[in-house]
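Examination of the molecular architecture
Below are the chains, spelled out letter by letter.
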Amino acid sequence: MTSASTPFGFAVPAGLQRLEHRASFGGWQDVYQHDSSATGTSMRFGIYLPPQAAHGPCPVLYWLSGLTCTEQNFIIKAGVQRYAAEHGLIVVAPDTSPRGEGVADAESYDLGQGAGFYVDATVAPWAPHFRMQTYVAEELPALVEALFPANDRRSISGHSMGGHGALVTALRHPGRYRSVSALAPISSPMQSASGQGAFSAYLGADRETWKPYDACELIAHATERLPLRVDQGLDDEFIDRSLRPELLRAACEKAGHPLDLRLHAGYDHSYYFVASFMGEHVAHHAAALKASPSL
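The paragraphs below set out a description of the structure included in this document. Starting afresh in each chain, residues are numbered from 1 along the sequence in its written order. The predicted nature of this model means local features are confined to residues of pLDDT at least 70 and side-chain atom pairs, given and counted, to a pLDDT of 80 or more, with totals for whole chains, interfaces and linings taken over all residues. For side-chain calculations, the full set of non-hydrogen atoms in the structure is used, while hydrogens and water are omitted.

On to helix H4 (residues 161-172), then. The end-to-end C-alpha distance of H4 is 16 Å, a good match for the 16 Å that twelve residues give at a rise of 1.5 Å each. Throughout this description, buried means an accessible area under 20% of the type-specific maximum (1.4 Å probe, protein chains only), exposed means over 50%, and partly exposed covers the range between. Secondary structure follows DSSP: runs of H or I at least 4 residues long count as helices, runs of E at least 2 residues long count as strands, and numbering of each begins at the N terminus. All buried positions along H4 are accounted for by Met161, Gly162, Gly163, His164, Gly165, Ala166, Leu167, Val168, Thr169, Ala170 and Leu171. A helix is expected to reach a length of 1.5 Å times the quantity of its residues less one.

Here is the structure:
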């Protein structure tokens, strides 16, 4: 019998290798590794199973991390487990790119391993493995919903490059997510130095092929008006040259797309900023995930 104060047991699903298993706020913070058909590599993801998962399927919040991160940055620094346990949400945080021997890489921190930009690359040497959009939007949710006590109610969020990934993934897949949010996202990679470099490498020189991975471009043609929740620190060192929240505001105003953009004096780009607003973001998603769907 599982007591209210003791994390419930959970067997390792077939096809997965459990790398970490830690009790946290009445649930489990685990890390798994599996063979990915999308990337053709082993992939890792963190998953927090709240205590409510012992009694039935729970909704899932997907989190996409930023440049240079693995799943570890978020699960260690964001403090998400406390809020996920409070609201009964599973939280899934994948790695930011494929990795390993034979996987293309670059010396720059904003290209290659740790910098997948959540696109499906089409240009060599990246195309064989860098298919992160397919991984986070299709393969990973299918795996989570098949092997864990998860239902099909999904939300998505992320930070920096992962904020870009969250906005783009939700906009590319209308009806799939109940809510979307981002902290300090790269609002328009097409108008960001690091985004332009990554997109030209992964997708080629034709800028038309970049548009399906740029939130500001997608907003102009969105068929679903899923509200965007964005928090941005005003002392963020990347705000002017990479993040550019004013571009997201302008795109939403032009298209009539709902945007809740919150600007915070004194906050930078670090996980001190992320952790400061994580509770609000989890509560935002919990409300959407538990609400009855609109007809």
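There is more to say, and it comes next.
Moving on, we come to the pairing of strand S5 (residues 90-94). Within S5, five of the five residues are buried, leaving the element largely enclosed by the surrounding structure. Burial along S5 is two-sided: Ile90, Val92 and Pro94 and Val91 and Ala93, pointing in opposite directions, are all buried. When DSSP locates at least two bridges between a pair of strands, those strands are taken to pair. Bridge analysis of strand S3 (residues 42-49) against S5 gives four bridges, and the strand direction is antiparallel. Looking at the pairing, isoleucine 47 lines up with valine 92 of S5.

Let's shift gears to the packing of aromatic side chains. Stacked, tilted and edge-to-face pairs are distinguished by plane angle, under 30 degrees for stacked and over 60 for edge-to-face with tilted covering the rest, among Phe, Tyr and Trp rings (Trp via its six-membered ring) whose centres lie within 6.5 Å. Across all of its chains, the model carries 13 aromatic pairs by this definition. An angle of 80° between the planes, with centres 5.9 Å apart, marks the rings of phenylalanine 199 and tryptophan 210 as edge-to-face. One end of the pair, phenylalanine 199, is in helix H5 (residues 193-203); the other, tryptophan 210, is in the loop between H5 and helix H6 (215-219), with eleven residues separating them in the sequence. In this structure, phenylalanine 199 and tryptophan 210 share a single accessibility class: buried.

Attention shifts here to helix H9 (residues 271-290). Between its first and last C-alpha atoms H9 spans 27 Å; for 20 residues at 1.5 Å apiece the expected length is 28 Å, and the two agree. A bend of about 45° at methionine 278 is the largest found in H9. By definition, a residue's bend is the angle between the axes fitted to the seven residues ending there and the seven starting there.

Residues Val180 and Ala182 point to one face of strand S7 (residues 180-183) and Ser181 and Leu183 to the other, with burial holding for every one of them. Note: S7 against strand S8 (residues 228-233), four bridges, orientation parallel. Residue valine 180 lies in a different strand from S8, and its bridge partner there is leucine 228.

At a closest axis distance of 9 Å, the pairing of helix H2 (residues 80-87) and H9 adopts a crossing angle of 25°. Classified by the interaxial angle, the pair formed by H2 and H9 is roughly parallel. Between H2 and H9 lies a crossing of right-handed hand. Here Val80, Tyr83, Ala84 and His87 of H2 lie close against H9, whose contacting residues are Met278, Gly279, Val282, Ala283, Ala286 and Lys290. By residue class, the composition of the contact of H2 with H9 is seven nonpolar, two polar and one charged. A fitted line through C-alpha atoms serves as each axis, taken over the contacting stretch for helices, and the angle formed by two N-to-C directions is quoted from 0 to 180°. If an angle is under 35 degrees, it is roughly parallel; if it is over 145, roughly antiparallel; if it lies from 65 to 115, roughly perpendicular; otherwise it is oblique. Should the near helix be turned counterclockwise from the far one by less than a right angle, the crossing is left-handed, whereas a clockwise turn marks it as right-handed. A contact between two residues is defined here by any heavy atoms of the two lying within 4.5 Å. Gly falls in the polar group here, along with every residue not listed as nonpolar (Ala, Val, Leu, Ile, Met, Phe, Trp, Tyr, Cys, Pro) or charged (Asp, Glu, Lys, Arg).

None of this, on its own, says anything about what the molecule does.
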